[in-house]
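# Residue-level structural notes
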Amino acid sequence: MSAVQTIVGADGVFTVWLRRRGLSALGLLLLLFATRATTERIMWVHMVIQIPALVSIGVWCAGQSPGWSVRRWNVAGAPGLLLASSIVACWMVPRLLDAAVERTAVDALKFGSLVLAGAIGYWSWRIAPTLVRVFAAGNAAWMMATVGLLLLDAPVRLCVRYGSTDQQHTGYALIGITAVVIVSALLRAGLPLQSVPVDSEAAGRSQRRRA
Amino acid sequence: MTRWRGAVGAAISLMLSAGLLLGATRGGTAFTTDSARAADIAAHPVLLPASPLVDARSHTQAFTNSSHVTIVDFVYTRCPSMCGTLGGVYQRLQSELVRRQLTDRVRLLTVSFDPAWDTPERLRYYEMLMRPDTAVWTIATLRDSADLQRVLRSFGVRVIPDGIGGFEHNAALHVVDRTNRLVRIVPIEVSSLDQRAANGPSAVANDAYDIAISAALAVADSIAHATDGGVARAVVARRPAP
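Notes on the structure in this doc start here. Here the structure is a predicted model, which is why all the values come from computation and not from measurement.

## Here's the deal with the interface of chain B and chain A
- Between chain B and chain A, the contact holds 31 residues from the first and 26 residues from the second.
- By residue number, the principal contributor to the side of chain B that touches chain A is helix α1 (residues 2–24) of chain B, which donates 13 residues.
- Looking at the side of chain B that touches chain A, its residues break down into 13 nonpolar, twelve polar and six charged.

So this is what it looks like as structure tokens:
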């Protein structure tokens, strides 16, 4: 199967996506976009609820991983996880956060790219061995904690659209999320709280063998 | 066969990631809207709208005049934090202008972005507080709210409600040349959380004010000289003498 077929063919990723969860995901996205004036008025709602929600939509509607023909470009899921976390990191830059609030086109780009990041992240996560997973989750946690500490520590407001109190709240919230990410990553990687291999990992391995 | 694809995939991902992050921060130089804006203005000055101002005596004023380079800041007079700081910075700017004998070429302008409260009468109270030499330092506001929005937009000033009846806004010294172009934005890199420094301005804050004052004066002075036809003389004193 060619890479193109894997993505757009009759049973390709894209068509499966559209059939299964595409429409409800699209509805959710439109709802989030319609309420952006409200959700983006408060910094922590923007960074700690809306952005993770967009990534989650990407994860939720990612559907089955692309076949081997696409996957062999994404060895151990590492390139995909790197790209996904870079996309998310970009939207933590205060300048782009401001731009997303002020310009609809930039916000649309944010929506699209974060959903894509969620999907890429999910596809890559499924084929990633535990070592890569731990590294990726650790990296994401480190990134969020750093941004959180920066927000708490900055003597000035970093976003022109948000007040200093709001910035403090966001800092605390990001550090809180970091804790959640670390705990859930430990659970999902099956370390060290679970001794039985996680099902999805086993399924991923057998899928790869079949392809 | 598979190995080269893996290597190419990794390389593409690395390059895309680096490109995205470098693009988002402009190569690590601009993380905030203010710093990006300051760099843009320094590279490409923008022509400002010719909006009439009204001062504390209800006289009409202009943002610039053909004989002076103007240093502009934006405040609202019932501001409890940042504007008090800016007021102090402007008082020191004024005395520096007098000391360096620059008052014939550089002037100061404080603009209130809260005309609903800051009527000319209230601006007069603010003047009593700030004691400007009106030949050097003008305190004014804009009557028309559409004008005000246009001006704030072209200066890149964002005013947001602070939730307790006041505003939060980005503070900087804006240098406007004699042809009404915004040519430089000098940020004041100190705490907008001045409440935090209620136990007296910290040494760090004072340094930041000094740097901003010197930088704004140096820019204004060099522009004034350059447009005089004289040799552009950049008086870059990092710290003014006490």
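## Considerations on the nonpolar core
- Of all hydrophobic cores here, the largest spans 51 residues; its most connected members are L81(A), V88(A), W91(A), L96(A) and L114(A).
- Listing elements by their share of this core, those giving two or more residues are α4 (43–60), α6 (78–90), α7 (94–102), α8 (104–127) and α9 (130–153) of chain A.
- In terms of residues, this core owes the most to one element, α8(A), which gives ten residues.
- Discounting chain neighbours no more than four positions away, the residues touching L114(A) are I51(A), L54(A), V55(A), G58(A), I87(A), V88(A) and W91(A).
- F63(B), I71(B), V106(B) and L123(B) belong to the second largest nonpolar core, which has 50 residues in total.

## With respect to the environment of V134(A)
- Among the structural elements, V134(A) can be located in helix α9.
- Each C-alpha atom of the pair V134(A) and A34(A) lies 36 Å from the other, and the pair is 100 residues apart in sequence.

## Describing the packing of α6(A) against α8(A)
Residue and element names in this part refer to chain A.
- Look at α6 against α8: their axes get within 8 Å of each other, and the N-to-C directions meet at 155 degrees. The angle between α6 and α8 places the two elements in the roughly antiparallel class. In this structure, α6 crosses over α8, and the sense of that crossing is left-handed. Note on element contacts: α8 touches α6 through S113, L114, A117, I120, G121, W123, S124 and W125, opposite G80, L81, L83, A84, I87 and V88.
- Looking at side-chain class alone, the contact of α6 with α8 contains ten nonpolar, four polar and no charged residues.

## Here we look at the sheet that holds strand β3 (residues 60–61) of chain B
Residues and elements named next belong to chain B.
- Judged by pairing direction, the sheet is mixed, and its eight strands sit side by side in the order β1-β10-β9-β4-β5-β6-β2-β3 without closing on themselves. Every other strand in the sheet has two partners, leaving β1 (46–47) and β3 as the edge strands with one partner each.
- Taken together, the three bridges between strand β4 (residues 69–75) and strand β9 (residues 172–176) define a ladder with antiparallel strand orientation. Bridge pairing in β9 places I71 opposite V175.
- The sheet contacts of helix α4 (residues 120–130) involve β2 (53–55), β5 (106–112) and β6 (137–142), and relative to β6 the element is tilted by about 155 degrees.
- Relative to the sheet, helix α5 (residues 145–155) contacts β1, β4, β6, β9 and β10 (181–187), its axis offset from that of β6 by approximately 120 degrees.

The rules behind the values
Residues numbered from 1 in each chain as written. Chains lettered and ligands numbered in written order. Predicted model: local features only at pLDDT ≥ 70, side-chain atom pairs only at ≥ 80, totals over all residues. Contact = placed C-beta atoms within 7 Å. Helix = DSSP H or I, 4+ residues; strand = E, 2+ residues; numbered from the N terminus. Nonpolar A, V, L, I, M, F, W, Y, C, P; charged D, E, K, R; others polar. Core = buried A, V, L, I, M, F, W, Y, C linked by C-beta atoms within 7 Å. Buried ≥ 20, exposed ≤ 12 C-beta atoms within 10 Å, placed from the backbone. Axes fitted to C-alpha atoms, helices over the stretch in contact; angles between N-to-C directions. Parallel < 35°, antiparallel > 145°, perpendicular 65-115°, else oblique. Left-handed = near helix turned anticlockwise from the far one by under 90°. Pairing = 2+ DSSP bridges.

What is shown is where atoms sit, not what they do.
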